[in-house]
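# Examination of the molecular architecture
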Amino acid sequence: MTTILAIAGSVRAKSFNGLLLRAAVELAPAGVTVESASIKDIPLYDADSEAASGVPAVVQALKDRIARASGVLLVTPEYNNSLPGVFKNAIDWTSRPAADIARVYGGKPIGVIGATPGAGGTGMAQAAWLPVLRTLGTVPFFGARMLVSGAAKVFDETGQLTDPIVRGQLEKYMTGFAQFVVRQSR
Ligand code: FNR
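For the structure given in this document, a descriptive report is provided here.

Rules of the game
- Residues numbered from 1 in each chain as written.
- Predicted model: local features only at pLDDT ≥ 70, side-chain atom pairs only at ≥ 80, totals over all residues.
- Heavy atoms only, no water.
- Pairing = 2+ DSSP bridges.
- Helix = DSSP H or I, 4+ residues; strand = E, 2+ residues; numbered from the N terminus.
- Right-handed = clockwise from strand over helix to strand, strands pointing away.
- Contact = heavy atoms within 4.5 Å.
- Polar contact = N/O pair within 3.5 Å; in protein donor to acceptor, adjacent residues only side chain to side chain.
- Near = heavy atom within 4 Å.
- Areas by Shrake-Rupley, 256 points an atom, 1.4 Å probe, with all protein chains shown as cover.
- Nonpolar A, V, L, I, M, F, W, Y, C, P; charged D, E, K, R; others polar.
- Core = buried A, V, L, I, M, F, W, Y, C linked by side-chain atoms within 4.5 Å.
- Buried < 20%, exposed > 50% of the residue type's maximum accessible area, 1.4 Å probe, protein only.
- Axes fitted to C-alpha atoms, helices over the stretch in contact; angles between N-to-C directions.
- Left-handed = near helix turned anticlockwise from the far one by under 90°.

## Looking at the pairing of strand β2 (residues 32-37)
With 6 bridges connecting them, strand β1 (residues 2-8) and β2 associate as parallel partners. Residue pairing for β2: Ala 6 is matched across the bridge by Ser 36. Taken together, β1, helix α1 (residues 16-26) and β2 form a β-α-β motif whose crossover is right-handed.

See the structure below:
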C-alpha cells in the first residue's frame, strides 16, 4: 500500500487549504491512501528549547510520519506572494536535528498544491517552496500543477469541493502524483 502524507499549511478552522486536502484524500486513486497531518500544535522554533530538551514530541511524531510515508503532499496557502511562515516553521522543526534530514526527507517524492481566494492560485507560494525542498533533499513532482484560485467559489457550505473543473484537475493531479510516488519508491 502506498501512503501519501498530506500536510495543510493553515491552522484556520475553515481553511481552504484544509478543504483542498480533504478533497485530495477523497480523490486519491485506488491503491493509494492519503493521510492528513496538521501543524496546529507545532510550537515556534526555538534553538534554546531544542538545545535544552531536543525536538518536541509533536514534531518527532510528524517527522516519523513523514519518514514512513512513501510521499508527501504540501497543501500551501500563499502569504505576501510567498509561503506562510507558520507552515515553514513546522517544516523547519522537522528538519532538526540536521543529521536526521536524510532519514526523514532524503529522496522523498513531494508535491505542492494550494488554494487561495485570490487570483494567483498560490503559484508564488508553490515556487517559494522549491529551495526548501531542494535543501531537504526531496524529489519534487513537476508532472502537473494544481493552482486553486477563487477558492471561496469552488467549495460548498459543507466544505465539499464542488467545482467540476477543479475536481477534475485535482483528480488528475493526484493520479499523476501517486504514479510518481510509486515509481520513485521502486
Ligand atoms: C494573504 N492572502 C494572500 N493570498 C494570495 O493569493 N496571495 C498573497 O500574497 C496573499 N497574502 C496574504 C498575506 C497574509 C498575511 C494573509 C493572512 C493572507 C490571502 C490568503 O490566500 C487567504 O487568507 C487564505 O484563505 C489563506 O489560506 P487558508 O487559511 O484559507 O487555507
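## Topic: the environment of Tyr 173
In this fold, Tyr 173 is placed in helix α8 (residues 164-185). Separated by 60 residues in sequence, Tyr 173 and Ile 113 have C-alpha atoms that sit 9.2 Å apart. Other than its neighbours up to four places away in sequence, Tyr 173 contacts Leu 73, Gly 111, Val 112, Ile 113, Phe 141, Ala 144, Arg 145 and Met 146. From its side chain, Tyr 173 meets the backbone nitrogen of Val 112 in a polar contact 3.4 Å long.

## Here we look at the site of the ligand
Taken together, Ser 10, Arg 12, Ser 15, Phe 16, Asn 17, Pro 77, Glu 78, Tyr 79, Asn 80, Asn 81, Thr 116 and Pro 117 make up the full set of residues near the ligand. One of the side-chain nitrogen or oxygen atoms of Arg 12 is found 2.7 Å away from an oxygen atom of the ligand. Protein chains bury 70% of the 620 Å² of accessible surface belonging to the ligand in isolation. By residue class, the composition of the shell around the ligand is 4 nonpolar, 6 polar and 2 charged.

## Remarks on the nonpolar core
Ranked by size, the top nonpolar core spans 32 residues in total, and within it Leu 73 and Leu 170 carry the most contacts. Contributions of two or more residues to this core are made by β1, α1, β2, β3 (71-75), β4 (109-115) and α8. Among the elements that make up this core, the one with the highest residue count is α8 (8 residues). Discounting residues that sit within four places of it in the chain, Leu 73 has contacts with Ile 4, Leu 5, Ala 6, Ile 7, Ala 24, Gly 111, Val 112, Ile 113, Tyr 173, Met 174 and Phe 177.

## Here's the deal with the side chain of Asp 100
In this fold, Asp 100 is placed in the loop between α4 (85-94) and α5 (101-105). Its relative accessible area of 18% is what places Asp 100 among the buried residues. Of the polar contacts made by the side chain of Asp 100, one reaches the side chain of Lys 63; its length is 2.8 Å.

## A few points about unusual backbone geometry
In this structure, the amide linkage connecting Arg 96 to the following residue, Pro 97, adopts the cis form with an omega of -15°. Structurally, Pro 97 can be placed in the loop between α4 and α5. In this structure, Asn 81 takes a positive phi of about 60° despite not being glycine. Here Asn 81 shows up in the loop between β3 and α4.

## Observations regarding the packing of α1 against α8
Angle between the axes and distance between the axes: these two values describe a pair of packed helices. Running from amino to carboxyl end, α1 crosses α8 at an angle of 60°, the nearest separation of the two axes being 9 Å. Here α1 runs over α8; the crossing is right-handed. Judged by residue contacts, Leu 20, Ala 23, Ala 24 and Glu 26 of α1 engage Arg 167, Leu 170 and Met 174 from α8. Taken together, the residues of the contact of α1 with α8 break down into 5 nonpolar, no polar and 2 charged.

Scope: geometric values only; no functional claims are made or implied.
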